[in-house]
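# Structure assessment
This is what each chain is made of:
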Amino acid sequence: MSSTLQITLIKSTIGKTKKHRDIVAGLGLSRLNQTVTRPDSPQVQGMINKVGHMLKVTK
């Protein structure tokens, strides 16, 4: 059984680069304080590393 991560968007994407906005959208986040559950995979970890300053991640 793989573990999951709860990811919450805590900073707005306004004024961020298109790449950062695309990564946030790829995680399934579209508005502030929205929380999604994603599997703990290398792909998701890489996305979190790119925009980690905008997210809150809990296991």
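Here the structure is shown first, and the text comes after it.
To start, this report covers the structure provided alongside it. Computed from a prediction, not measured in an experiment: that's the story for all the values here. (Residues numbered from 1 in each chain as written. Predicted model: local features only at pLDDT ≥ 70, side-chain atom pairs only at ≥ 80, totals over all residues. Heavy atoms only, no water.)

## Considerations on the nonpolar core
Definition in use: For the purposes of this section, nonpolar cores are sets of buried Ala, Val, Leu, Ile, Met, Phe, Trp, Tyr and Cys residues that join through side-chain atoms within 4.5 Å. Only protein chains enter the calculation, and the probe is 1.4 Å; a residue is then buried if its accessible area is under 20% of its type maximum, exposed if over 50%, and partly exposed in between. In this description a helix means any DSSP run of H or I spanning at least four residues, a strand means any run of E spanning at least two, and both kinds are numbered starting from the N terminus.
Of all hydrophobic cores here, the largest spans 13 residues; its most connected members are Ile 7, Leu 27, Leu 29, Val 51 and Leu 55. When residues of this core are traced back to their parent elements, those giving at least two are strand 1 (4-9), helix 1 (18-26) and helix 2 (42-51).

## Quick notes on the pairing of strand 1
What counts, and what does not: Note on pairing: DSSP must find at least two bridges between two strands before they are called paired.
Bridge count for strand 1 against strand 2 (residues 35-39) is 5 bridges, and the pairing is antiparallel. Note on strand 2: the bridge partner recorded for Gln 6 is Thr 37. Where strand 1 lies against strand 3 (residues 55-58), 4 bridges are found, and the strand directions are antiparallel. Residue pairing across strands places Ile 7 opposite Val 57, the latter belonging to strand 3.

## Observations concerning the pattern of salt bridges
Formally: In what follows, salt bridge is the name for a side-chain nitrogen of Lys or Arg lying within 4 Å of a carboxyl oxygen of Asp or Glu.
Across all of its chains, the model carries 1 salt bridge by this definition. A salt bridge links Lys 18 to Asp 22; its shortest N-O distance comes to 3.2 Å. On the criterion of helical spacing, the pair formed by Lys 18 and Asp 22 is a turn pair, its members being 4 residues apart in helix 1. By relative accessible area, Asp 22 is classed as partly exposed at 41%.

## A closer look at the packing of helix 1 against helix 2
In a pair of packed helices, the angle between the axes and the distance between the axes together describe the arrangement. Let me state the cut-off plainly: Structural elements are reduced to axes, namely lines fitted to C-alpha atoms, with helices fitted over the stretch in contact, and the angle between N-to-C directions of any two is expressed from 0 to 180 degrees. Any angle that falls under 35 degrees is termed roughly parallel, while one over 145 is termed roughly antiparallel, one within 65 to 115 roughly perpendicular, and all others oblique. For a crossing to be left-handed, the near helix must be turned anticlockwise from the far one by less than a right angle; the clockwise case is right-handed. The contact definition used throughout considers only heavy atoms, calling two residues in contact when any of these lie within 4.5 Å.
Relative to each other, helix 1 and helix 2 sit at 140°, their axes nearing to 10 Å. In terms of orientation, helix 1 and helix 2 fall into the oblique class. As helix 1 packs across helix 2, the resulting crossing turns out to be left-handed. Taken together, the residues of helix 2 that come into contact with helix 1 (itself represented by His 20, Ile 23, Val 24 and Gly 26) are Met 47, Lys 50 and Val 51.

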